[in-house]
Number of protein chains: 2
Amino acid sequence: MADSPNPQVLAFSGGVGGAKLSLGLSKVLPAEQLTVVANTADDFDHLGLRICPDLDTVMYTLSGVNNTEQGWGLAGESWNALAALEQLGAETWFQLGDRDLATHLRRTELLSQGHSLTEVSQALCQSLGMAVRLLPMSDDPVSTCVSTDEGELSFQHYFVRRQCEPAVSGFRFAGIESAKANPDFLDLLLSPRLQAVILCPSNPFVSIDPILALAGVRDALAACQAPIIAVSPIVAGMAIKGPAAKMMAELNMPVTAEAVAEHYLGLVDCFVVDESDAKLAPQIEQLGMRVDVTQTIMTTLADRERLADRVLTIARDMAA
Amino acid sequence: MADSPNPQVLAFSGGVGGAKLSLGLSKVLPAEQLTVVANTADDFDHLGLRICPDLDTVMYTLSGVNNTEQGWGLAGESWNALAALEQLGAETWFQLGDRDLATHLRRTELLSQGHSLTEVSQALCQSLGMAVRLLPMSDDPVSTCVSTDEGELSFQHYFVRRQCEPAVSGFRFAGIESAKANPDFLDLLLSPRLQAVILCPSNPFVSIDPILALAGVRDALAACQAPIIAVSPIVAGMAIKGPAAKMMAELNMPVTAEAVAEHYLGLVDCFVVDESDAKLAPQIEQLGMRVDVTQTIMTTLADRERLADRVLTIARDMAA
C-alpha cells in the first residue's frame, strides 16, 4: 500500500489460520504499515498463569519462532515441565512447552505488576524481535463460553480438553459488555490512513465475532472508508483447521463459504473464496458483496504471501 | 530406634547439609520413625511463584531425584524455560530448571486454592513417592532479612543474587512473631514417643534459628525428654557448604565449631564435631554439654548413613 504517505493495513486474527495470512501480510508490507488485532476471548487462567493462545500464535508466527508443523507453540520445544507437572498431579490437558511457559510466566508477572495486556504484548513482541504491531482486541478480560449438549463450557475446556467433541448450540462472550476495545485499534479503524481491513480466515464464531462484539467496533467498521475484505475459512465445505465446519453443521447452517459470507453480511465489502468454491461466487454476489476467487489454502510461505498480495490488490482496486 | 513401640526421630534441616544427614537418617530408620522439619524462612515469591528452597532440597534429596553434584535442584534438569525467560527480559538470577518449575507452579496453584503449605508439601512428596514425613516449620510466611553493609536484603537477594558477598551484621525473621509453628511438629516435640531431636549441620543463623524462633519451640525443646543433638556445620574453621563461616567472621565470632556450640548453649544436650576438631572437645564440654567426635563430612551415601547411625547411637546411649 503506497497511495498515502503512511498507509495502514489492519488484520483481524484468531489463531493458526489468521497467523498464516498475517505472516503473508508481514512479508509483503513494511512492518510499520501492518497492525494485527488478535482475539483475546479464548484467553484463560491455567495453573495460575494467564494464557493468551491467539496472541501467542500470532506473536510466535510473526517472530519466526513458531512450530510450523503443529501450527501452534514454539519450534524445538521441550516438554519437561509438563511431564513433571503430570507426575505432581496437575492438570496437563493444555499443552505447555518449557519455552512457552516462559511467555506465560513473564506475561502473568507483568500483568500482576499493573501493566496492561497491550503493554505486556508489546514487551514480549519486542523481546522476540517482532516489528509488526500486534494488539490484543481489548485489555479487559473476555471469556468465550460455548453452549453445548454437555452444558456451557469455557472455551479451552471445549476446544482443548474436550477436543471440540460436544455439539455446540451457541456462544456467549462473558465480559464483552464492559470490555473496552483497544483504543489504538479503534483509532486505526477511524483513521484516514487506513487502506484495508482484512478479516483473516479465522473461525467466524469464536475468533472474529468476539472482536466484532466489542462496543464501537461494528460502528467504526460501518463508518470506515477503507475496504473490508474477509477471506473464507471454509473451503469446499471444510475448515482448513479447527472446528468452524463442525460448528456450522451443529448450528444448522450450510457448511459453505456462502454461509460464512452471509454471516458477515452488511459488514464486509468483499469476500474471498477458494478456487474450489468458484461456483458459489454468483450466489455470494447476490447477497450484495463483491467476491474474489483465488487459491486461499496456504500450505507454503509463498502461498501466504500470494494471498496477502491478492487481498491488498483487491483493496487497492476497490479504493480506486 | 526400637526402644518404644512407635519411636520417633525429629530432624531440623535447612537445605543441602541438612538434606544430606536427613537422607542418611532415612536410610537407617524406617520411614514412619523419621520426621524432618524444614526451615521456610528463605521461602520467597519469584515470577509469581512461591518457592521453598529448603523444603524442595530435602524433598528432592529424600525422593532420590536430586542433583547430587550441585547439591540443589533436580538430576537431569533442563533449562529451556529459563533461557526463554531471559530472552523475555525476566529476572533470571534464581536458577529455575524446567522440572523444578513444575514444583513451584503446582505449589503456587495448590496454595492459591487454599491448601496449607503442609498439605501442599505432603501432596508433592507423595507424588514423588517419598515416604518420610517432611514438615514445613510453619504454614505462615516468614522471611529472613539480612542486615548487611549494603542495607537490609531479602535472603534470596543476599544468598543467590548477591552470592553472599555483602558483609552481614544481623538477621531478622519478618513475620516470626505471628507465625505459628507447625502443630504436628510441636506435638512431636512434646510426644513421649520422641527418641531424639537432631539439629542437622545446617546454617545456625538462617536455617536453624528461624525454626527455634517460632513461638513455643524453645519451650518445647526445654521440656522435651529426648536428647537434643546438634551436628556442627563448621569443620576445621570452614563451612562445608554455604556462608556460615563467612557470616561468623562478619559477626565477629570465632569461626569454630566451639562458637557454634556456644550459639546452641542451653539448648542442645550433645554437640557432634568432626575428627579434625577433636582438640575443641574439652572446651566445648566445659561449656556444659556432651561432645562427640566423629567424621561429620558426608561425601558418600555411606558417610551419610554412618553419621546418622552415630547420632542415633548417641541418642540411645544418652537415654539409657
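Refer to the structure above for everything that follows.
Please read these numbers as outputs of a predicted model, since none were measured by experiment. (Residues numbered from 1 in each chain as written. Chains lettered and ligands numbered in written order. Predicted model: local features only at pLDDT ≥ 70, side-chain atom pairs only at ≥ 80, totals over all residues. Heavy atoms only, no water.)

**Re the sheet that holds strand S5 (residues 133–136) of chain B**
Residues and elements named next belong to chain B. Read from one edge to the other, the open sheet built from seven strands follows the order S5-S2-S1-S9-S10-S13-S14, with strand pairing classed as parallel. What marks the edges here is a single partner per strand, and that holds for S5 and strand S14 (290–294). Across the sheet, the axes of successive neighbouring strands diverge by a mean angle of 20°, strand direction being ignored. Where strand S2 (residues 34–38) meets S5, four bridges bridge the pair, whose relative direction is parallel. In the strand pairing of S5, Val37 is matched with Leu135. Taken strand by strand, helix H1 (residues 16–28) contacts strand S1 (8–13), S2, strand S9 (194–199) and strand S10 (228–231), and its axis lies near 165° from that of S1. Strands S1, S2 and S9 of the sheet are contacted by helix H8 (residues 204–213), whose axis makes an angle of about 120° with S1. (Pairing = 2+ DSSP bridges. Helix = DSSP H or I, 4+ residues; strand = E, 2+ residues; numbered from the N terminus. Axes fitted to C-alpha atoms, helices over the stretch in contact; angles between N-to-C directions. Contact = heavy atoms within 4.5 Å.)

**As for the side chain of Ser13(A)**
All names here are of chain A. Position of Ser13 relative to the elements: it lies in strand S1 (residues 8–13). Overall, Ser13 belongs to the buried group, its relative accessible area being 0%. Excluding residues within four positions of it along the chain, Ser13 makes contact with Gly18, Ala19, Ser22, Val36, Val37, Ala38, Asn39, Val58, Cys200, Ser202, Ile208 and Ile211. (Buried < 20%, exposed > 50% of the residue type's maximum accessible area, 1.4 Å probe, protein only.)

**Examining unusual backbone geometry**
Residues and elements named next belong to chain A. Despite not being glycine, Leu47 shows a phi value in the positive range, around 55°. Positive phi, normally seen in glycine, also occurs at Ala236, with a value near 55°. In this fold, Ala236 is placed in the loop between strand S11 (234–235) and strand S12 (238–239). With a relative accessible area of 42%, Ala236 lands in the partly exposed category.

**Notes on the pairing of strand S13 (residues 270–274) of chain A**
Residues and elements named next belong to chain A. In terms of burial, S13 is a largely internal element, five of the five residues being buried. In terms of strand pairing, S13 meets strand S14 (residues 290–294) through five bridges, oriented parallel. Following the sheet pairing, Val272 is matched in S14 by Asp292.

**Here's the deal with the pattern of salt bridges**
Pairing of side chains with opposite charge becomes possible as their charged atoms draw close. Residue and element names in this part refer to chain B. The final tally for this structure, using the stated rule, is 22 salt bridges over all chains. As a salt-bridge pair, Arg162 and Glu150 come within 2.5 Å of each other at their nearest N and O atoms. Within this pair, whereas Arg162 is found in the loop between helix H6 (155–161) and strand S8 (168–174), its partner Glu150 is found in the loop between strand S6 (143–148) and strand S7 (151–154), the two being separated by 12 residues in sequence. Its relative accessible area of 44% is what places Glu150 among the partly exposed residues. One salt bridge connects Glu152 with Arg172, and the closest N-O pair in it is separated by 2.8 Å. Note that Glu152 is positioned in strand S7 and Arg172 in strand S8, a separation of 20 residues in sequence. Of the residues examined, Glu152 reaches a relative accessible area of 43% and is grouped as partly exposed. Under the relative-accessibility criterion, Arg172 is labelled partly exposed at 42%. (Salt bridge = Lys/Arg side-chain N within 4 Å of Asp/Glu carboxyl O.)

**What about the interface of chain A and chain B?**
Opposite the 23 residues of chain A that make contact, chain B presents 23 residues. Scanning the region where chain A abuts chain B turns up zero salt bridges. Counting across the chain A and chain B interface gives six residue pairs in polar contact (both at pLDDT 80 or more). Elements represented by at least two residues in the side of chain A that touches chain B include exactly helix H3 (80–87), helix H4 (98–112) and helix H5 (117–127) of chain A. No other element matches the eight residues that H4(A) contributes to the side of chain A that touches chain B. (Polar contact = N/O pair within 3.5 Å; in protein donor to acceptor, adjacent residues only side chain to side chain.)

**With respect to the packing of aromatic side chains**
What the rule picks out here adds up to 16 aromatic pairs over all chains. For the pair Phe171(A) and Phe205(A), a centre-to-centre distance of 5.8 Å together with 10° between the ring planes defines the contact as stacked. Of this pair, Phe171(A) sits in strand S8 (residues 168–174) while Phe205(A) sits in helix H8 (residues 204–213), placing them 34 residues apart in sequence. Here Phe171(A) falls in the partly exposed class, since its relative accessible area comes to 23%. Exposure remark for Phe205(A): the relative accessible area of 5% places this residue in the buried category. Ring geometry for Phe155(B) against Phe159(B): centres 5.0 Å apart, planes inclined by 20°, an arrangement best described as stacked. One end of the pair is Phe155(B) and the other is Phe159(B), both in helix H6 and four residues apart, which spans about a single turn. Given the relative accessible area of 32%, Phe159(B) is considered partly exposed. Through successive ring pairs, a cluster of aromatic residues spans Phe44(A), Trp93(A) and Phe94(A). (Phe/Tyr/Trp six-rings, centres within 6.5 Å; stacked < 30°, edge-to-face > 60°.)

**Details of the state of the cysteines**
Residues and elements named next belong to chain A. Tallied over the full model, the rule gives zero disulfides over all chains. Looking at Cys164, it has no disulfide partner, and the nearest cysteine sulfur is the one in Cys145, 15 Å off. Overall, Cys164 belongs to the buried group, its relative accessible area being 11%. Cys224 takes part in no disulfide bond, and the closest cysteine sulfur, belonging to Cys270, lies 14 Å away. Residue classification places Cys224 among the buried residues on the basis of a relative accessible area of 11%. (Disulfide = S-S within 2.5 Å.)

**Brief notes about the packing of H1(B) against helix H13 (residues 301–319) of chain B**
Residue and element names in this part refer to chain B. In the contact formed by H1 and H13, the axes pass within 7 Å of each other and the chain directions differ by 75°. Taken together, the axes of H1 and H13 are roughly perpendicular relative to one another. Taking contact as the criterion, the partners of Lys20, Leu21, Leu23, Gly24, Leu25, Lys27 and Val28 in H1 are, on H13, Leu301, Arg304, Glu305, Leu307, Ala308, Asp309 and Leu312. The class makeup of the residues in the contact of H1 with H13 is eight nonpolar, one polar and five charged. (Parallel < 35°, antiparallel > 145°, perpendicular 65-115°, else oblique. Nonpolar A, V, L, I, M, F, W, Y, C, P; charged D, E, K, R; others polar.)

**Some words on the relation of the copies chain A and chain B**
Rotating chain A by 180° and moving it 0.0 Å along the rotation axis overlays it on chain B with an RMSD of 0.0 Å. Within this description, the copies of the chain are treated as partners about a two-fold rotation axis. For chain A, the smallest separation between a C-alpha atom and the rotation axis is recorded for Asp98(A), amounting to 3.1 Å. When the interface residues of chain A are mapped onto chain B, 100% of them are again interface residues, pointing to one common binding face. (Least-squares fit on C-alpha atoms with pLDDT ≥ 70 in both.)

**Remarks on the nonpolar core**
Ranked by size, the top nonpolar core spans 112 residues in total, and within it Leu21(A), Leu134(A), Leu21(B) and Leu134(B) carry the most contacts. In this structure, Leu10(B), Leu188(B), Ala245(B) and Met247(B) belong to the second largest nonpolar core, which totals 56 residues. (Core = buried A, V, L, I, M, F, W, Y, C linked by side-chain atoms within 4.5 Å.)

**Comments concerning the packing of helix H2 (residues 53–63) of chain B against helix H4 (residues 98–112) of chain B**
Residue and element names in this part refer to chain B. It is the contact of H2 with H4, at a shortest axis distance of 12 Å, that shows an interaxial angle of 120°. Here H2 is positioned oblique relative to H4, judged by the angle of their axes. Between H2 and H4 lies a crossing of right-handed hand. In this structure, H2 contributes Asp56, Met59 and Tyr60 to the contact, and H4 contributes Asp100, Thr103, His104 and Arg107. Taken together, the residues that form the contact of H2 with H4 break down as two nonpolar, two polar and three charged. (Left-handed = near helix turned anticlockwise from the far one by under 90°.)

Purely geometric numbers; function is a separate question.
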